[in-house]
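Now for the letters of each chain:
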Amino acid sequence: MNDQQLTTLFAESDLSGQPDLPPDYLPALLSRARRSVRQRRLVTMLAAAAVVLIALGLTAVVRPHATSLPPADRHSGTPTIPDRIAPYSRLTGEVAASPPGRALMIYEYGSGELFNEWQSLALSADGDVYRQLGAVAERRQWLLSPDGRTVILAEDARATTALTLLDLTTGKVREVRLPEASGVVLLAVSPDGRQVAYSSAPLPEDMSAGNSIEFQNAQLGTLSVVDLTTGTVTAVPGYQPVVAASFSPDGRRLAIQAKRKISIITLGGGSAVPVDLPDEWGMAPQNAWSPDGTRLATTTWRTDSWQTLDGGTASAYVVDSWYGYGLVDLATGTHRQLNASTDTFLGWRDRDHAIVFAPSGLDNGDDEIAEVALDGGARTSLTRFDTGKTCELGSQTCQTLRLTVAAGLLPDLTTRPAGDPDRGPWPTWVWLVVGVPLLAVALVAALVVRRLRRRAAR
Amino acid sequence: MREDDERGYAQFVQARVPALQRTAYHLCGDWHEAHDLVQAALIRLYRHWRRVSAADSPDAYVRRTLVNVFLDQRRGWWSRHVRPLGDPPEPSAGNPGPDLAVNLTVDLRAALARLSPGQRAVLVLRYWEGLDVAETAATLGCSPGTVKSQTSYAITALRRLLPEYAKETR
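Residues numbered from 1 in each chain as written. Chains lettered and ligands numbered in written order. Predicted model: local features only at pLDDT ≥ 70, side-chain atom pairs only at ≥ 80, totals over all residues. Heavy atoms only, no water.

Q: Run through the overall build of chain B, naming residues and quoting values.
A: Helix and strand counts for chain B stand at 10 helices and 0 strands. Going from the N terminus to the C terminus, chain B shows its helices and strands as α-α-α-α-α-α-α-α-α-α. The 170 residues of chain B split such that 47% are buried. Put simply, of all contacts in chain B between residues at least 6 apart along the chain, 66% involve residues at least 24 apart. Carbon and sulfur atoms form 50% of the exposed surface of chain B, whose accessible area is close to 8600 Å². (Helix = DSSP H or I, 4+ residues; strand = E, 2+ residues; numbered from the N terminus. Buried < 20%, exposed > 50% of the residue type's maximum accessible area, 1.4 Å probe, protein only. Contact = heavy atoms within 4.5 Å. Areas by Shrake-Rupley, 256 points an atom, 1.4 Å probe, with all protein chains shown as cover.)

Written out as structure tokens, the structure is:
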């Protein structure tokens, strides 16, 4: 079978069944062809619009600063707090991806009934901006600088070799080395944010027990003050175990609690002034000193004692703030218990008003931050937490833990109606879990559309 | 499309449709499907008419488009899983009989249906359209070597599928 034979074979093939063209063949063809051109134009325009929209969306999500104010410009006004705290959301972005600017507070929010769903969050002092602190805060204790710009972090379950500083205005992290690796408990940060007081103790031999670093320091912790700008660490000897501290408004003095005894010392040397408190009472953690320097906030402490293996007795001193708070007047030494309810002292509004956190205790999530007048006890609610069941796939009400406020922002704080929460770009895991399948669906949809168009063109 | 462009397109269509349908028929073996293939190719031609008519041969473009539409359609899931026509008859084992030409025509269509779409396209372009190897390669978007090898495979298959014709013309 050669080329000529094949040509002949095709030439002699029977084509007698070829149908005649219908009379309207050409008009119908032209009509279809014109429609095809129009459809193609439409599809092209829609595709271009989709590309533009996706590009804009990605820009807004991945680089939110391109479409909103940069963090540095968010803090020009008076610090505010929304009258409702936004519900739990897995889509809240991280500080590193989109810094929230100065924070009014940082807190742990979530639930752990069935699954561990806890987020470490920062709420901006200048809008409804919520961000997760991210991996840098995992298994770490924290303080928030009085201006709300920096989160100071130390290890919670292993030795700390350096304090970690998370800048909420830039999302950047830096470290301040400590002289030696030890179990560290963060106690207080100075009003200018430059100094941090902490206690340190050798790491416990058995780290399996919960809160072991905190417990070890409650028995053995010694006081040090670190200058975050220079990295200089100054040990403050003579007090052990140091369990609480608070800087004076001018940052020159430090109120410290060793066991149940409170002393006021001058940084850099000088005699210590004791402050007497009734039994069961000690300093409120972190922000005890009032802005005018005349009062210290107090709360109840308990002493846990136990027999050691060598037959001796050991004691640890821990906050038991479930039973309210009080204040001591530094000039007169007078102590007053102010509230017997479950309020937790957070900081000072002014000399005569405290900011407190009041967990509802009813498992309905209606936790509250309130301002309380120290004379008369008049109470003004500043904000409430979400009451809906937004945790653990809608089965649980979220709980608030480790709430820490920027003490320096409290005097000017005002409440405003809550707006739509700005949660920033989606966390990376959401992109992986949701974005990749969405892209796959989009790809399949594009292939189906392509096939349908081809079929329609025939 | 401008009016004079569309007029030129209409004239081309009117002149070429019957021949295009015959080529499509050789490719697919069915006049209805041939009609659809030609229409799809002409609609694509309409979209690119200005460029094609100005710079290229419309015949070559529409031929290439026709073959591509045919091959795309044969690559699709539906075509690979659904056969609209019954299997072609087995080649006759005995004498071809008195009406050899008619039998050979039927057998050619049956034999072509048993070839792969690519081999069928090679044979139709080379021995029906009369293209040389280079032109066939350009139309199919493959190398001349591929055209040669596919032609060789197709002819070998045809010899097996049309033993009587091969014997008759030996």
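Q: I'd like to hear about the nonpolar core, residue by residue, with values.
A: Core analysis: the largest hydrophobic core is formed by 60 residues, its most contacted members being Tyr9, Val13, Leu42, Leu45, Leu66, Leu115 and Leu123 of chain B. By size, the runner-up hydrophobic cluster in this structure holds 39 residues, among which are Ala103, Ala122, Phe385 and Val405 of chain A. (Core = buried A, V, L, I, M, F, W, Y, C linked by side-chain atoms within 4.5 Å.)

Q: Requested: an account of the interface of chain A and chain B, with residues and values cited.
A: On the side of chain B, 42 residues touch chain A, which itself brings 31 residues to the contact. Counting the contacts that link chain A with chain B gives 1 salt bridge. Of all elements in the fold, only helix 1 (3–11), helix 2 (25–62) and helix 4 (428–457) of chain A reach the threshold of two or more residues within the side of chain A that touches chain B. The leading source of residues in the side of chain A that touches chain B is helix 2 of chain A, at 10 residues. A per-class count over the side of chain A that touches chain B returns 15 nonpolar, 6 polar and 10 charged. (Salt bridge = Lys/Arg side-chain N within 4 Å of Asp/Glu carboxyl O. Nonpolar A, V, L, I, M, F, W, Y, C, P; charged D, E, K, R; others polar.)

Q: Quick rundown of a nonpolar patch on the surface? Include the residues and the values.
A: Residues and elements named next belong to chain A. The grouping of Leu91, Trp426, Trp429, Trp431, Leu432, Val433, Val434, Val436 and Leu438 at the surface amounts to a nonpolar patch, some 820 Å² of accessible area in total. You can see valine 436 is positioned in helix 4. For valine 436, a relative accessible area of 49% puts it in the partly exposed group. (Patch = residues over 30% accessible without salt bridge, like charges linked within 9 Å, V, L, I, M, F, W, Y side chains within 5 Å.)

Q: Account for the confidence of the model for chain B, naming residues and giving values.
A: Residues and elements named next belong to chain B. This prediction gives chain B a mean pLDDT of 78; 76% of its residues lie at or above 70. The lowest-confidence element of chain B is helix 5 (residues 77–81), averaging 55 in pLDDT; the highest-confidence one is helix 2 (residues 31–47), averaging 90. Confidence drops under pLDDT 50 across residues 84–99; counting only partners more than four residues distant or on other chains, this segment forms 15 contacts. Scored by ipTM, the complex comes to 0.76, with pTM at 0.62. (pLDDT = per-residue confidence, 0-100.)

Q: A description of the sheet that holds strand 8 (residues 173–189) of chain A should follow, citing residues and the corresponding values.
A: Residues and elements named next belong to chain A. Spatially, the 7 strands line up as an open sheet ordered 5-6-7-8-9-10-11, and their pairing is antiparallel. The sheet is open, and its two borders are formed by strand 5 (140–144) and strand 11 (233–236), each paired with just one other strand. Strand-to-strand twist in this sheet, taken as the mean axis angle between neighbours without regard to direction, amounts to 45°. Bridge count between strand 10 (residues 222–227) and strand 11: 4 bridges; the pairing is antiparallel. Among the inter-strand pairings, serine 224 is bridged to a residue of strand 11, identified as alanine 235. Those strands touched by helix 3 (residues 212–220) are strand 6 (150–155), strand 8, strand 9 (195–201) and strand 10, and its axis lies near 70° from that of strand 8. (Pairing = 2+ DSSP bridges. Axes fitted to C-alpha atoms, helices over the stretch in contact; angles between N-to-C directions.)

Q: Break down the packing of helix 7 (residues 117–128) of chain B against helix 8 (residues 133–140) of chain B for me, with residues and values.
A: Residue and element names in this part refer to chain B. Here helix 7 crosses helix 8 at 135°, and the two axes come no closer than 10 Å. By the angle between their directions, the pair helix 7 and helix 8 is classed as oblique. Where helix 7 crosses over helix 8, the two elements pack in a sense that is right-handed. Packed against helix 7, whose contacting residues are Ala121, Val122, Leu125 and Arg126, the element helix 8 presents Val133, Thr136, Thr139 and Leu140 at the interface. Grouping the constituent residues of the contact of helix 7 with helix 8 by class yields 5 nonpolar, 2 polar and 1 charged. (Parallel < 35°, antiparallel > 145°, perpendicular 65-115°, else oblique. Left-handed = near helix turned anticlockwise from the far one by under 90°.)

Q: Can you break down a positive patch on the surface residue by residue, with the values?
A: A surface patch of like charges, here positive, comprises Arg32, Arg35, Arg38 and Arg41 of chain A. The class for arginine 38 of chain A is exposed, based on a relative accessible area of 52%. (Lys, Arg positive; Asp, Glu negative; His and termini not counted. Charge placed at Lys NZ, Arg CZ, Asp CG, Glu CD.)

Q: Give me the confidence of the model for chain A: which residues, what numbers.
A: A residue-level look at chain A finds 90% of positions with pLDDT of 70 or above and a mean pLDDT of 86. Contacts of residues 64–70 of chain A to residues separated by more than four positions or lying in other chains number 11 contacts, the stretch itself having pLDDT below 50.

Q: Describe helix 3 of chain A, listing the residues and the values that go with them.
A: Along helix 3 of chain A, the residues classified as buried are Ser212, Ile213, Gln216, Asn217 and Ala218 of chain A. As for helix 3 of chain A, its buried residues are in contact with strand 6, strand 8, strand 9, strand 12 (242–247) and strand 18 (313–319) of chain A.

Q: Help me get a handle on the state of the cysteines, residues and values and all.
A: All names here are of chain A. Within this structure, the stated rule accounts for 1 disulfide over all chains. For cysteine 391, the disulfide goes to cysteine 398, at an S-S distance of 2.1 Å. In this structure the cystine formed by cysteine 391 and cysteine 398 twists about its S-S bond by roughly 110°; its chirality is therefore right-handed. For the pair shown, cysteine 391 and cysteine 398 are each scored as buried. (Disulfide = S-S within 2.5 Å.)

Q: So, the sheet that holds strand 12 of chain A: which residues are in play, and what are the values?
A: All names here are of chain A. Pairing within the open sheet is antiparallel, and its 4 strands lie in the order 12-13-14-15. Edge positions in the sheet fall to strand 12 and strand 15 (273–275), since each has one partner strand and no second. Taken pair by pair, the neighbouring strands of this sheet meet at an average axis angle of 25°, ignoring direction. Two strands pair when backbone bridges link them, and strand 13 (residues 253–258) and strand 14 (residues 261–266) are joined in this way by 6 bridges, in the antiparallel orientation. Its bridge partner being in strand 14, isoleucine 256 is matched across the sheet by serine 263.

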